[in-house]
Amino acid sequence: MTFDIKEGNGGMTAIVSGRLDTPAAVKAQKEITPLLENADKEITLDCTPLEYISSSGLRLFLTIRKEASAKGGKVIITNINDEIRKVFTMTGFFNLFEIR
């Protein structure tokens with residue numbers, strides 16, 4: 001699992017790839033520091049190459065959202081596959097995030 005983070009167009013984009021399970025979420029907690037530091041901007045989480053997300057991965061997304069809300073930023077999640085769409089539907093994430 002990786003978070004490939006890039007800055008541009010006044011915001012941040014993170015391409016989230018692989019399996020975002022519990023061990024990966026623990027590792028990713030350090031990788032998302034640039035997103036948290038720039039949470040006053042628009043953050044796009046591109047999930048095109050994301051294969052799986054666990055509750056720990058969902059919690060990581062919530063951490064980013066919470067920081068963005070506190071700093072006046074915005075989080076957009078893009079390109080989720082059908083399996084992740086099911087998880088987002090079951091957990092109510094569609095109500096918490098702007099998903100494109």
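This text follows the structure it describes.
Rules behind the numbers
Residues numbered from 1 in each chain as written. Predicted model: local features only at pLDDT ≥ 70, side-chain atom pairs only at ≥ 80, totals over all residues. Heavy atoms only, no water. Phe/Tyr/Trp six-rings, centres within 6.5 Å; stacked < 30°, edge-to-face > 60°. Buried < 20%, exposed > 50% of the residue type's maximum accessible area, 1.4 Å probe, protein only. Lys NZ or Arg CZ within 6 Å of the ring centre and 35° of its normal. Core = buried A, V, L, I, M, F, W, Y, C linked by side-chain atoms within 4.5 Å. Helix = DSSP H or I, 4+ residues; strand = E, 2+ residues; numbered from the N terminus. Contact = heavy atoms within 4.5 Å. Arc of directions from axis to C-beta. Polar contact = N/O pair within 3.5 Å; in protein donor to acceptor, adjacent residues only side chain to side chain. Pairing = 2+ DSSP bridges.

**A look at the packing of aromatic side chains**
In step 1: Within this structure, the stated rule accounts for four aromatic pairs.
In step 2: Summarising the aromatic geometry, the rings of F88 and F93 are spaced 5.1 Å apart at their centres and angled 45° between planes, so their arrangement reads as tilted. Neither residue differs from the other here; F88 and F93 are each classed as buried.
In step 3: An angle of 75° between the planes, with centres 6.3 Å apart, marks the rings of F88 and F94 as edge-to-face.
In step 4: Exposure remark for F88: the relative accessible area of 0% places this residue in the buried category.
In step 5: Given a relative accessible area of 32%, F94 falls into the partly exposed group.
In step 6: Ring pairs connect the aromatic residues F61, F88, F93, F94 and F97, which therefore count as one cluster.
In step 7: Cation over ring: R19 sits above Y52, and NZ or CZ is 4.3 Å from the ring centre.

**Considering the nonpolar core**
In step 1: Judged by nonpolar contacts, the single largest core of 29 residues is most densely connected at F3, L20, L35, L45, F61, I64 and F88.
In step 2: With five residues, helix α3 (residues 55–71) is the largest single contributor of residues to this core.
In step 3: Setting aside residues no more than four positions away along its own chain, L20 makes contact with M1, F3, A25, L50, Y52, I53, S54, G57, L60 and F61.

**Observations regarding helix α1 (residues 22–31)**
In step 1: Along α1, the residues classified as buried are A24, A25 and A28. What you see down the axis of α1 is that its buried residues fit within an arc of 95°, all on one side. Seen from the open side of α1, the exposed residues pointing more than 90 degrees away from its buried face are P23, V26 and K30.
In step 2: Looking at the packing, one finds that the buried side of α1 touches β1 (2–8), β2 (11–20) and α3.
In step 3: Between a side-chain oxygen at the N-terminus of α1 and the backbone nitrogen of A24 the separation is 3.1 Å; the capping residue is D21.

**Considering the pairing of β2**
Remark: a regular strand shows side chains that alternate across the two faces of the sheet.
In step 1: In terms of residue burial, β2 counts as a mostly covered element, since seven of its ten residues are buried.
In step 2: Of the strand pairs in this sheet, β1 and β2 are connected by seven bridges, and their pairing is antiparallel. Pairing of E7 across the sheet is with M12, part of β2.
In step 3: Between β1 and β2, which pair antiparallel and follow one another directly, the connecting turn spans two residues, one of which, N9, has a positive phi of 55°.
In step 4: The sheet contact formed by β2 and strand β3 (residues 42–46) spans five bridges and is parallel.

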